[in-house]
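# A look at the structure
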Amino acid sequence: MGSPTILYKAFYYSGLFAWDIGLSLLNLVLFKRPVGEVVPEGHPGYGGNWPEYKPPQEGDSRSSCPALNAMANHGIIARSGRGIKFTDLSRQIRTTYNFSASFCSFVPHYAAFMLNKSYSKDTFDLAELDLHNGIEHDASLTRLDAALQPDQSKIHRPFIEDLFSFATGKDKEQPVLTVKDMSRFSGKRRVEARATNPAFTLDLLHKLFGSTNTATLLTAFGGRVDDLRVFLLEERLPQGWEPRIRYPCGLTIFIFNRTIIPLEWGIRESDWEGDTNRGEATSE
């Protein structure tokens, strides 16, 4: 497939954002989904009952995205992580994490555009999404930069454990990461990555991608460290877990930005510059 035309993209994105605003308004007037019924009945994860977890096997494809890797590890999408339809991904993200239909259209469309593929006809492997500075970016909260670790499916455990140490919130005595915590840790990671990666890049678009990924941990998981420990370290959905997003039409792009923008705005790299205690980032 050739690259989509500018006109096609203009029509798609204008329609998408109008759709998203409509869903955001419906979320204001409709009842929230009941606890225990956020995942629709008949879909994997209904009532917190997730399909069997199997770690990736040799030859399987995985990416830098824990959310997609977890879906493959549970068989919600192909366990191999290969030959996934963009259209199927839209449906499965929607029911697994309760993002809105508009958001779940946007992300796979963006990936298809990035890979010069047809959203409606083509398939992809998870590892293809790690085209550097496409969606994948430097200063990840869970991975070494691609220049230091080309296989972006590999987590970097020290970063994740460090992230959990930043939690200042509490929920029934359980530690919870807040927006401010995430902003602080993101600032630290950006300074560390710039200092340890000679090929470091992070433009405004990819800063926003990073804050979007980070905001998912706050919205879908409520920042709860006990759930995130399983999700980020094992790329597994805990039994009994369901998305903390209870909007009837799912989390829209418009509503999601109410978390993304304050998170990004609160990042202060200057708080970490010159910090001699931050140490070197090294692979496990």
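Everything that follows concerns the structure shown earlier in this document.
Residues numbered from 1 in each chain as written. Predicted model: local features only at pLDDT ≥ 70, side-chain atom pairs only at ≥ 80, totals over all residues. Heavy atoms only, no water.

### Digging into the packing of helix α2 (residues 66–73) against helix α3 (residues 86–97)
- One way to put it is that α2 packs onto α3 with a least axis distance of 11 Å and a crossing angle of 95°. Relative to α3, α2 is oriented roughly perpendicular. Along the contact surface, α2 presents A67, L68, A70 and M71, while α3 presents L89, Q92, I93, T96 and Y97. (Axes fitted to C-alpha atoms, helices over the stretch in contact; angles between N-to-C directions. Helix = DSSP H or I, 4+ residues; strand = E, 2+ residues; numbered from the N terminus. Parallel < 35°, antiparallel > 145°, perpendicular 65-115°, else oblique. Contact = heavy atoms within 4.5 Å.)

### Quick look at the packing of helix α6 (residues 179–196) against helix α9 (residues 253–265)
- One way to put it is that α6 packs onto α9 with a least axis distance of 8 Å and a crossing angle of 50°. When the axes of α6 and α9 are compared, the pair comes out oblique. Handedness of the α6/α9 crossing: right-handed. Side by side, α6 and α9 meet where V179, M182, S183, S186 and R190 of the first sit next to T259, P262, L263 and E264 of the second. (Left-handed = near helix turned anticlockwise from the far one by under 90°.)

### Focus on α6
- The terminal C-alpha atoms of α6 lie 26 Å apart, and with 18 residues this matches the ideal 26 Å at 1.5 Å per residue to within 8%.
- Extensive coverage of α6 is indicated by the burial of 13 of its 18 residues. (Expected span 1.5 Å × (residues − 1). Buried < 20%, exposed > 50% of the residue type's maximum accessible area, 1.4 Å probe, protein only.)

### Remarks on helix α1 (residues 6–29)
- In this model, α1 (24 residues) spans 35 Å end to end at C-alpha, consistent with the 34 Å of a helix rising 1.5 Å per residue.
- All of the buried residues along α1 are Y12, L16, D20, L23, S24 and N27.
- Elements in contact with the buried residues of α1: α4 (101–114) and α9.

### Focus on the packing of aromatic side chains
- On inspection of all chains with the given rule, the structure shows 18 aromatic pairs.
- On the numbers, 6.0 Å between centres and 50° between planes, the contact of F106 with Y110 is tilted. Of this pair, F106 and Y110 are both found in helix α4, 4 residues apart, which corresponds to roughly one turn of the helix.
- In textbook terms, an aromatic cluster arises when at least three aromatic residues are bridged by ring pairs, as seen for Y8, Y12, Y13, F17, F106, Y110, F113 and F209. (Phe/Tyr/Trp six-rings, centres within 6.5 Å; stacked < 30°, edge-to-face > 60°.)

### Things to note about the environment of K207
- Locating K207 in the fold gives a position in helix α7 (residues 204–219).
- K207 sits in the partly exposed class, given a relative accessible area of 23%.
- Distance in space between the C-alpha atoms of K207 and V225 is 23 Å, their sequence separation being 18 residues.

### Some details on the environment of F159
- Summarising the element assignment, F159 is placed in helix α5 (residues 157–165).
- C-alpha of F159 to C-alpha of V39: the two residues are 120 residues apart in sequence and 30 Å apart in space.

### Things to note about the nonpolar core
- Ranked by internal contacts, the top residues of the largest apolar core, which has 58 residues, are Y97, F99, F164, L177, F231 and L237.
- With residues up to four places along the chain from it excluded, the contact list for F99 reads I93, R94, C104, T216, I245, G250, L251 and F256. (Core = buried A, V, L, I, M, F, W, Y, C linked by side-chain atoms within 4.5 Å.)

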